Amino acid sequence: TAEACTAMDRAVELHAEHMGEHHPMTLIITRERARLLVLVGRTDEALAALETVAADLAAALGEAHIERLDTLFSLAGLLGTQGLADQSAPLIDEIADHLASSPAQDPVREATLRLQLIQRWRACGQAARAKEFAERSLALLRERLPGDAEIIRQLESSALSPLD
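Just so it is clear, the model here is predicted, and its values are computed rather than measured. (Residues numbered from 1 in each chain as written. Predicted model: local features only at pLDDT ≥ 70, side-chain atom pairs only at ≥ 80, totals over all residues. Heavy atoms only, no water.)

### What to know about the nonpolar core
So, point 1. In terms of nonpolar packing, the biggest core is built from 38 residues, with Ile 95 and Leu 117 touching the most fellow members.
So, point 2. Where this core is concerned, the elements lending two or more residues are helix H2 (24–39), helix H3 (43–61), helix H4 (66–81), helix H5 (85–101), helix H6 (107–123), helix H7 (127–144) and helix H8 (150–159).
So, point 3. Counting residues per element, this core draws most heavily on H4, at 8 residues.
So, point 4. In contact with Ile 95, not counting residues within four places along its chain, are Leu 69, Leu 72, Phe 73, Leu 113 and Leu 117. (Core = buried A, V, L, I, M, F, W, Y, C linked by side-chain atoms within 4.5 Å. Buried < 20%, exposed > 50% of the residue type's maximum accessible area, 1.4 Å probe, protein only. Helix = DSSP H or I, 4+ residues; strand = E, 2+ residues; numbered from the N terminus. Contact = heavy atoms within 4.5 Å.)

### A short note on empty space enclosed by the protein
So, point 1. With the rule as written, the count across this model stands at 1 cavity of 30 Å³ or more.
So, point 2. By volume, the largest cavity is sized at about 60 Å³.
So, point 3. In this structure, the largest cavity is lined by Ala 64, Ile 66, Leu 69, His 98, Leu 99, Ser 102, Pro 103, Ala 104, Gln 105, Asp 106 and Glu 110.
So, point 4. Only H4 and H5 provide two or more residues apiece to the lining of the largest cavity.
So, point 5. Split into classes, the residues belonging to the lining of the largest cavity amount to 6 nonpolar, 3 polar and 2 charged. (1 Å grid on protein atoms, 1.4 Å probe; cavity = no way out; pocket = protein on both sides within 12 Å on 5 of 7 lines; lining within 4 Å. Points joined across faces, edges and corners; volume = space filled by probe spheres on them. Nonpolar A, V, L, I, M, F, W, Y, C, P; charged D, E, K, R; others polar.)

### Describing the confidence of the model for the protein chain
So, point 1. Scored by pLDDT, the protein chain comes out at a mean of 87, with 94% of its residues at no less than 70.
So, point 2. Per-element averaging of pLDDT across the protein chain places H8 at the bottom with 73 and H3 at the top with 96. (pLDDT = per-residue confidence, 0-100.)

### Details of the packing of H5 against H6
So, point 1. Put simply, H5 and H6 touch, their axes get as near as 11 Å, and they point 140° apart. One element, H5, and the other, H6, form an angle in the oblique class. Crossing hand, H5 versus H6: left-handed. Between H5, through Ser 88, Ile 92, Ile 95, Ala 96, Leu 99 and Ala 100, and H6, the contact on the second element is made entirely by Glu 110, Leu 113, Arg 114, Leu 117, Arg 120 and Trp 121. (Axes fitted to C-alpha atoms, helices over the stretch in contact; angles between N-to-C directions. Parallel < 35°, antiparallel > 145°, perpendicular 65-115°, else oblique. Left-handed = near helix turned anticlockwise from the far one by under 90°.)

### As for the layout of surface pockets
So, point 1. Of the volumes computed, that of the largest pocket is approximately 180 Å³.
So, point 2. Lining the largest pocket are Gly 80, Ala 85, Ser 88, Ala 89, Ile 92, Asp 93, Arg 120, Trp 121, Cys 124, Gln 126 and Arg 129.
So, point 3. Secondary-structure elements contributing two or more residues to the lining of the largest pocket are H5 and H6.
So, point 4. Here the lining of the largest pocket is composed, by residue class, of 5 nonpolar, 3 polar and 3 charged.

### Some points on the pattern of salt bridges
So, point 1. Within this structure, the stated rule accounts for 16 salt bridges.
So, point 2. The residue Asp 70 makes a salt bridge to Arg 109 at a minimum N-O spacing of 3.4 Å. In this pair, Asp 70 sits in helix H4 while Arg 109 sits in helix H6, placing the two residues 39 residues apart along the sequence.
So, point 3. One network of salt bridges, in which partners are shared, links Arg 31, Glu 32, Arg 35, Glu 67, Asp 70 and Arg 109. (Salt bridge = Lys/Arg side-chain N within 4 Å of Asp/Glu carboxyl O.)

This is the structure we're talking about:
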């Protein structure tokens, strides 16, 4: 809604004013604003914002930081819905590569992002890739999370699904 967009604009403005335009928290709020813009149909503005936030988070926190990967996932999703799968796919690959090679920052958020990647690959007809990634993810996350974590059960379900 217009009211929500106005409130998010103000939140971004306040954070930029007090913390700086390139402060990670300002960038995260800007990403959330971009997600809201998608919901209200302002996709061109959202796309530009997500591209900027992804670049700025890389500079502020590093290429493999979970906040940047989360932003890349939103960007890839938006590109995909805009019929730009050729631009979306490399971002998904980049996220997967970083998750495979980077130490865990936030195991639960990482697991959630892994599950989202698996679901995306399955939806795109890449069941074998999804299954292989799910199996590797399970091995890593079993080391990082309690065995009874709900996200592990969800990954197990994705890895063993009969659609593969």
